[in-house]
Amino acid sequence: MGARLQARGVRVQVRGSVRLWDERGGRGGISDRGSVDDLTKEFLIESGEGLDRMERCLADLQSGTDGGDCVAEVFRAVHTIKGTVGFLGFPRLEQLAHAGEHLLVLLRDGKRSTGDGVIELLVQLMDGLRRVLQLIEMTGAEGSRAADNDAELIAKLEQYAKDGVTAIPAGGKFATAGAPAIDIRAVGVKLAGEAVASAANTPGASINTAETTLRVDVETLNRLMNLVGELVQTRNQFLQAEVSEESFTRLGQRLDGVTAELRESVMRARMQPVGQLFQKFPRLVRDVAQICGKNVRLEFSGGDTGLDKSLLEALKDPLTHAVRNAIDHGIETPQQRLLRGKPAEGKVQLRAYHEGGQVVVEVSDDGAGVSRERVLRRAIERGLITAEQAGTMGAAEATQLVFEPGFSTTDEVTMISGRGVGMDVVRANVEGAGGSVELQSVEGEGTTLRMRVPLTLAIVPALVARCGGQMFAVAHSALLEMVWIRPVEEAALIQRIGNAKMFLLRNRLVPLLDLSEVLGIESAPSDGFYIAVLEAKGRQFGLIVDDMAEPQEIVVKPLSSVLSCLNVYSGATLLGDGQIALILDTNGLARTAKLCDASQQVTAATERVASHVVEMPGVGRAGGASGRRLPLLMFLAPCGAHTVMPLDCVERIEKVAREEIELLSGRAVMQYRGELLALDDPGGLLQQGETAGVGQLVVICNKQGLRAGLVVRGILDVAEGEVLPPTASYPGTVARVEGRLAMFSPGFEPQTGICAMPRVVDKEAA
Amino acid sequence: MTYVEEKEVEAGLSLCTLRTGEDLFGIETSAVREALYQCELRQVPLAPQFVAGVLAYRGEVLLAVSFRALLGLPANTETCCAIVLEDKESGEPFALLIDELLDVVQVAASAWEPNPVTLDERRSGLFSGVYRSAGAPLVRLQPERLQPSWLTRNGVAAMALGGTR
């Protein structure tokens, strides 16, 4: 039986860092053509990185933020290309690099000044080098057609080197250079095209060498190797050990530890700073702004936020779209801006930060914002909504309409944007990467597009549900809550209009899907069932499942394209017992159920956005706890008061038989998962003995980093609440949940975003 | 069982033989990545007819193509035996569910006959000729016709719904 081994090339380069070739690299753009050897491939990657650095430095030089070594850095990049290209035999590239190097030597030594004109010239040089490199990557040769001629550029470089005069006026526009201007437009169009292609999941989209390779520190690889060594060792011990042996449990624990560490190390190795993604934007912003005739300044922050390499790639197109949109549609022309009392120069901000186990990448501008009237008018024109619906829509709701396919508010199609493939593609791409998009806009003040993506795609927290005897997983990112419906409640909570089922959730009707009906499987009728409330494309819907199992972190395995095109499953996972659970594609399910037409009105996302439209970036995180909204568990304290604690702190809610709670030197304790757990019983509920027969509710929670149990009278709800800071008249932190006030359980007051802070802070605040 | 005279071995071909229903089939050994003598199949609701489900294989989740469904036979729930093949178009491995896996045999080119003209269309598309023998004939399979990507494109799924002739 022919078991085949797949050869996977791993090349190691000993220069302080190691480069791993992704498998796709072999299959992708290059080797198929068979014309580019390993050495050239290496050269292309290195040169690409050099040119990226060069681009950064040129942007710094132009904006006057040169740290002093920019010219030297540019020189190094060009010099390296020239040096390497000599023995690879690309004379055209060599000539161009030589001319550039000659000029750069003079600039570096201060013999020529680095005026605006020369920077334009260097940008042209960079474009020229890039073009040739692209040609080499695509065809294996550097091009010999009449158009592939750099004589003009070389002449300009040489002329400047000779007499320090450039043909390009200072502060020059690309118009004088002709070719690069067209190039930029071509890039713009190409990127949009790529985004469409990847949104449609077209295989064979161009794979760039740089996208499929990753630089990894040798140190990281060594650590991985050590862990693998330990894994093998543990396995060997397992093979020798007898199941009955005492050491078996210990071995299991060790295996668990090694696995967890290995997983984390691999994930860390895949993490790349988001700043890599930001690098290309100064250039893009400058070019697009020039074409649009606008003054735009670009600001970054959080560039060192780590993100999985594959997600970084997935964010590239949406981010490009968003930045282009911000400049083309968002920022006004300098004249308009001055008329509105804003500085002539518009500002686009790119921010990245971690929030709640996710990475948020934000594009915000201080432009015109989204106009409710224009959006609604366009939506009616395009038949997305009716005039009556438009009348009832608020600004926040209208804003969400820009995510509808085929929506575009610009009146004319420009080179940069306005082909109607904008925001819906952005949303499709980000959601495809397991993330979500939200848009906040204040007319006249600006727009913020926020993209949230998970840290990694490979492992996601999910809930495993059972339906018709089969296991299905739902990613937490799409799951809002689970509701258990008892048979007696069914008639009151589940309502029908014709065949359509609706579910009454906190005084709102939510459309309901029965998973067994959708999938056409036999559902096992049992005592009650669960409704998973899901959110897809900003719309809520309920999904009926038979039963639910524990939430767990699942490793996502891709499914064959035959199955993923069903639009019902987004992947599969192996459960602890070796069973396969299919991961439900909530967006696909919503589409299947036709939940996604724009006529669906009040939606979860718009409500959420409406509640804090004017939230400015930064406020609410740096500003401490006040006014912050967070999910809370609301319960009845032993004294009968409505009390809340942040949901993050809650580990489990247990119903404990009274006999299991013991008294140790006056303190109530219980055994929990093999540990001793002290119980907090502020109201003396245990002494009252009310709960002797029915069992005592205990909230297992994380109190100041330690596990603790809190005795409660009853559980009320899980809801989002607003945190109100202490005031002079009332010293405690209070939450407003669904219109009423509730006290924070002592020790669980949110102060600075950390779960629970020492109470000393309370006194100071008071 | 031999389908070859001794002296012709050099010119022969190595086939991995398998049984599904009453018939005997052979597939090039080089096309088979691995044989799974027992596996746990997970059904996939809404999947095309030719898909038996998915199964776990070396940490991956493989699509399982039901050979019985391709032949128009009723599903076999008793055994789950599969060979792992590669879909040359998509590059993904997939499993072909069969009833029983038999030996690897050498067949001689001279023992080959084209598909009988009386064979129904669905089968003749899957087979590339027959090796005659004293016992049951050995049908040679066309691995590329078993690939999920080919099956999806050519709507064999729909054909397989027709049942046996």
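As the structure is a computational prediction, the values presented were derived from the model and not from experiment.

How each quantity is defined
Residues numbered from 1 in each chain as written. Chains lettered and ligands numbered in written order. Predicted model: local features only at pLDDT ≥ 70, side-chain atom pairs only at ≥ 80, totals over all residues. Heavy atoms only, no water. Helix = DSSP H or I, 4+ residues; strand = E, 2+ residues; numbered from the N terminus. Polar contact = N/O pair within 3.5 Å; in protein donor to acceptor, adjacent residues only side chain to side chain. Contact = heavy atoms within 4.5 Å. Buried area = accessible area lost by both parts, 1.4 Å probe. Salt bridge = Lys/Arg side-chain N within 4 Å of Asp/Glu carboxyl O. Expected span 1.5 Å × (residues − 1). Buried < 20%, exposed > 50% of the residue type's maximum accessible area, 1.4 Å probe, protein only. Pairing = 2+ DSSP bridges. Axes fitted to C-alpha atoms, helices over the stretch in contact; angles between N-to-C directions. Phe/Tyr/Trp six-rings, centres within 6.5 Å; stacked < 30°, edge-to-face > 60°. Lys NZ or Arg CZ within 6 Å of the ring centre and 35° of its normal. pLDDT = per-residue confidence, 0-100. Core = buried A, V, L, I, M, F, W, Y, C linked by side-chain atoms within 4.5 Å.

Visitor: Explanation requested: the side chain of A:E101 in the structure shown.
Guide: As for its placement among the helices and strands, A:E101 is situated in helix α4 (residues 91–108). A distance of 2.4 Å separates polar atoms of two side chains, one belonging to A:E101 and the other to A:H79.

Visitor: Teacher, can you tell me more about the interface of chain A and chain B here?
Guide: Think of interface size as the accessible area that goes away when the parts come together; that is how it is often given. Taken residue by residue, the interface counts 25 residues in chain A and 28 residues in chain B. Here chain A meets chain B over a buried area of about 2200 Å², counting both sides, of which 64% is carbon and sulfur. There are zero salt bridges connecting chain A and chain B. Inspection of the chain A/chain B interface yields four residue pairs in polar contact (both at pLDDT 80 or more).

Visitor: Hey, could you run me through helix α11 (residues 281–292) of chain A in this one?
Guide: Within an α-helix, residues lying three or four positions from one another point in the same direction, as the helix has 3.6 residues per turn. All names here are of chain A. Taking 1.5 Å as the rise per residue, α11 with 12 residues should run 16 Å; its terminal C-alpha atoms sit 16 Å apart, in good agreement. Across the 12 residues that make up α11, a large majority, nine, are buried. Taken as a whole, α11 has its buried residues at F281, R283, L284, V285, R286, D287, V288, A289 and C292. In the segment just after α11, G293 is the residue with positive phi, at about 70°.

Visitor: Just checking my understanding: could you explain the sheet that holds strand β7 (residues 81–86) of chain B for this structure?
Guide: The strands that make up a sheet pair up through hydrogen bonds in the backbone, lying either parallel or antiparallel. All names here are of chain B. Pairing within the open sheet is mixed, and its six strands lie in the order β3-β7-β8-β6-β5-β4. Looking at which strands have only one partner, the edges of the open sheet turn out to be β3 (34–36) and β4 (41–42). Here strand β5 (residues 51–57) pairs with strand β6 (residues 60–66) via six bridges, running antiparallel. Bridged to Y57 within β6 is E60.

Visitor: I'm lost on the sheet that holds strand β20 (residues 580–584) of chain A in this one. Help?
Guide: Residues and elements named next belong to chain A. In spatial order, the strands read β18-β10-β11-β20-β19; together these five strands make up an open sheet with mixed pairing. Strands at the two margins of the open sheet, each flanked by one partner only, are β18 (547–555) and β19 (569–574). Taken pair by pair, the neighbouring strands of this sheet meet at an average axis angle of 35°, ignoring direction. Relative to strand β11 (residues 470–475), strand β10 (residues 459–467) runs antiparallel, the two sharing six bridges. Its bridge partner lying in β11, V464 is registered against A473.

Visitor: When you look at the packing of aromatic side chains in this model, what are you seeing that I'm missing?
Guide: Each aromatic ring pair is characterised by the separation of its centres together with the angle its planes make. Tallied over the full model, the rule gives four aromatic pairs over all chains. With a centroid separation of 4.9 Å and 80° between ring planes, the pair formed by B:F25 and B:F67 is classed as edge-to-face. Remark: B:F67 occurs in helix α1 (residues 67–71) and B:F25 occurs in strand β2 (residues 23–28); sequence separation between them is 42 residues. With relative accessibility at 1%, the residue B:F25 sits in the buried group. Ring pairs connect the aromatic residues B:F25, B:F67 and B:F127, which therefore count as one cluster. Its guanidinium or amino end placed over the ring of A:F281, A:K280 lies 5.6 Å from that ring's centre, counting from NZ or CZ. Just above the ring of A:F472 sits the side chain of B:R42; from NZ or CZ to the centre is 5.0 Å.

Visitor: Please explain the environment of A:T84 as it appears in this structure.
Guide: Here A:T84 lies in helix α3 (residues 70–88). Distance from A:T84 to A:S47, taken between C-alpha atoms, is 9.3 Å for residues 37 residues apart in sequence.

Visitor: Would you explain unusual backbone geometry in this entry?
Guide: Trans is the common state for peptide bonds, and a negative phi is the common state for residues other than glycine. Positioned with a positive phi, A:N567 is a non-glycine residue whose angle comes to about 65°. Tracing the sequence through the fold places A:N567 in the loop between α20 (561–564) and β19. Judged by its relative accessible area of 31%, A:N567 falls in the partly exposed class. Even without being glycine, B:L46 reaches a positive phi, approximately 75°.

Visitor: Explain the environment of A:A637 to me, please; I cannot follow it from the model alone.
Guide: Residues and elements named next belong to chain A. Mapped onto the elements, A637 comes out in the loop between β21 (629–636) and β22 (642–646). Spatially, the C-alpha atom of A637 lies 8.2 Å from that of S745, the residues being 108 residues apart in sequence. When residues no more than four places from it in sequence are discounted, the contact partners of A637 are T643 and R713.

Visitor: Looking at this model, I keep getting lost on the confidence of the model for chain B. Mind explaining?
Guide: Atomic detail in the predicted coordinates should be set aside for any region of low pLDDT. Residues and elements named next belong to chain B. Chain-level pLDDT for chain B is 81 on average; 87% of the residues reach the 70-or-more range. Low pLDDT, under 50, characterises residues 4–9; the predicted model gives this stretch seven contacts beyond four residues in sequence or across chains. Overall, residues 157–165 carries pLDDT values under 50, and its contacts beyond four positions in sequence, including any with other chains, amount to 19 contacts. Taken together, the chains of this predicted complex give a pTM of 0.51 and an interface ipTM of 0.83.

Visitor: Sorry if this is basic, but what is going on with the nonpolar core here?
Guide: A general feature of soluble globular proteins is that nonpolar side chains tend to end up buried together. A:F472, A:L543, A:Y569, B:I27, B:F67, B:I83 and B:L146 are the most contacted members of the largest nonpolar core, which has 58 residues in total. With four residues, the single largest contributor to this core is strand β16 (residues 529–536) of chain A. With near-sequence residues (within four places) excluded, B:I27 lies in contact with B:S14, B:L15, B:C16, B:L18, B:V32, B:I83, B:L85, B:L141, B:P143 and B:L146. Residues A:V274, A:F281, A:V323 and A:A433 belong to the second largest nonpolar core, which totals 47 residues.

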